[in-house]
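If you want the building blocks of each chain, they are given just below.
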Amino acid sequence: MSIPHDKSLDNSIELMKEGYLFIQNRMNRYDSDLFEARLLGERVLCMSGSEAAKVFYDTDLFQRKGAAPKRIQKTLFGENAIQTMDGQSHIHRKLLFMSLMTPPNQQKLSRLITDFWRASIEQREKTDGKIILFEEAKQILCRAACVWAGVPLNESEVKERADDFSDMVDAFGAVGPRHWRGRRARKSAEGWITDIIEEIRTGKITAAEGSALYEMAFYKDLKGEMLISHMAAIELINVLRPIVAIATFITFSALALHDYPATRQKLKADADGQYLEMFVQEVRRYYPFGPFLGARVKKDFKWSGADFKQGMLVLLDMYGTNHDPRNWEEPDSFKPERFGERNASLFDFIPQGGGDPSNGHRCPGEGITIEAMKASLLFLINEIDYEIPEQDLSYSLVTMPTLPKSGMILLNIRKKQ
């Protein structure tokens, strides 16, 4: 049995034109979970669905080394960071990330986020009572992340640092000005954090043992050697940047409250937090975040009629897998209740990757994402009133990553009496 081959000479332009739906459009066209395409002149296998995800996250079959293009390493990940590692070295460094993201640390960050939301709204009440939610959330998350991680941050530089972290993410699927803005942001942030790492190591400043700053500065690899300061900075940014990126999920959460007003009442009546958990998970499933993930074939093997050749690039469709009708009833409907009755799987729900986070490539920060979203939602629902003016709340599935066009404007914000 042969697999479909997309007929275009090169699919790079189609990928840019179709964005999140590029893989899914061809899955539907060919009625297949797998097809071959060409991107930037290279043969690429594209696949979707939970069975494909199980294969994709088999570390005996796939590796991350060589999968992330340099343009993404120079913006989103940082060069030679944990996302590009494999084997025992990857597991050893992953354990460091996991140790920083324990439930107590998740709760500590959640409390900080709530505190910063409260302080922000107190300031807004004294001025015009207006925010662009995405922009406000970026800065609040940046403040909270730096305090939580032990990273010194002056109030005067909060916006700059928050924008840098956000621009790295925005450059993921971008060309032209957005991509170059991401590169500048990466260079700026790495310089800033490298200086802090070196000041910690020389004793010029101190950090609490157990904080992300301390643990990253003094982490030792399998050879018992500390990372060079620049590499330690890259990995610390890989703690901070994803926290700031949660601003996207927070903005989509507010959009869901607006578009599905019945959910607000259910959240207000949610005494045990069960509906809050379901709502947050449905936001992560329903709205677009990451479009796809890449890996290289580690050794030749066959699957689903295809020959996977060593070194071949493979893309796994995240958005399509999270909307697969075989696993999700009415996948294009927003239904938080679906998470109260489903059997959890490591491979059919992959907004931040699949598999076991302790020994694979699933994001270790999922718990932090969920708790940050919960804290922000509870604040929006229980602690403030606001109005939503006429604005463009549509979002494009072509732009990667995407966001409501207005950033979600809130007016007349005031604390509940």
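This text goes with the structure placed above it.
Residues numbered from 1 in each chain as written. Predicted model: local features only at pLDDT ≥ 70, side-chain atom pairs only at ≥ 80, totals over all residues. Heavy atoms only, no water.

Engineer: Let's hear about the sheet that holds strand S4 (residues 131–132): which residues, and what values?
Structural biologist: Here 3 strands make up an open sheet; going across it, the order is S4-S10-S9 and the pairing antiparallel. Looking at the sheet topology across the chains shown, the edges are occupied by S4 and strand S9 (384–387). One ladder, built from 2 bridges, connects S4 with strand S10 (residues 409–415); its direction is antiparallel. Directly across from Ile-131, in S10, lies its bridge partner Leu-410. (Pairing = 2+ DSSP bridges. Helix = DSSP H or I, 4+ residues; strand = E, 2+ residues; numbered from the N terminus.)

Engineer: So, helix H4 (residues 70–77): which residues are in play, and what are the values?
Structural biologist: Ile-72, Gln-73, Thr-75, Leu-76 and Phe-77 are the residues of H4 that are buried. Looking at the buried side of H4, the elements it contacts are helix H8 (158–170), helix H9 (177–201) and helix H11 (229–259). Backbone geometry just downstream of H4 places Gly-78 in the positive-phi region, at approximately 90 degrees. (Buried < 20%, exposed > 50% of the residue type's maximum accessible area, 1.4 Å probe, protein only. Contact = heavy atoms within 4.5 Å.)

Engineer: Lay out empty space enclosed by the protein in plain terms, naming residues and giving numbers.
Structural biologist: In this structure the tally under the stated criterion is 1 cavity of 30 Å³ or more. Quantified by volume, the largest cavity comes out at close to 40 Å³. Lining the largest cavity, in full, are Arg-284, Arg-285, Tyr-287, Pro-288, Phe-289, Gly-290, Met-318, Tyr-319, Asn-322 and Pro-351. Elements with a contribution of two residues or more to the lining of the largest cavity: helix H13 (274–286) and helix H14 (318–321). Here the residues of the lining of the largest cavity are counted per class, giving 6 nonpolar, 2 polar and 2 charged. (1 Å grid on protein atoms, 1.4 Å probe; cavity = no way out; pocket = protein on both sides within 12 Å on 5 of 7 lines; lining within 4 Å. Points joined across faces, edges and corners; volume = space filled by probe spheres on them. Nonpolar A, V, L, I, M, F, W, Y, C, P; charged D, E, K, R; others polar.)

Engineer: Can you break down unusual backbone geometry residue by residue, with the values?
Structural biologist: The residue after Met-400, namely Pro-401, is reached through a cis peptide bond having omega -10 degrees. Position of Pro-401 among the secondary structure elements: in the loop between S9 and S10. Within the chain, Asn-80 stands out as a residue other than glycine whose phi angle is a positive 65 degrees. Looking at the secondary structure, you find Asn-80 in the loop between H4 and helix H5 (87–100). Positive phi outside glycine occurs at Glu-330, with the angle close to 45 degrees. Here Glu-330 shows up in the loop between H14 and helix H15 (366–382).

Engineer: Now, about the pattern of salt bridges: what can you tell me, with residues and values included?
Structural biologist: Scanning the entire structure with this criterion turns up 37 salt bridges. Here Asp-164 and Arg-161 are joined by a salt bridge, their closest N and O atoms 3.8 Å apart. Highlighted residues: Asp-164 and Arg-161, both in helix H8, separated by 3 residues, approximately one helical turn. A relative accessible area of 10% means that Asp-164 is categorised as buried. Between Arg-326 and Asp-324 there is a salt bridge, and its shortest N-O distance comes to 2.7 Å. With relative accessibility at 55%, the residue Arg-326 sits in the exposed group. Look at the salt bridges and you will find they share partners, linking Asp-6, Glu-18, Arg-26 and Arg-29 into a network. (Salt bridge = Lys/Arg side-chain N within 4 Å of Asp/Glu carboxyl O.)

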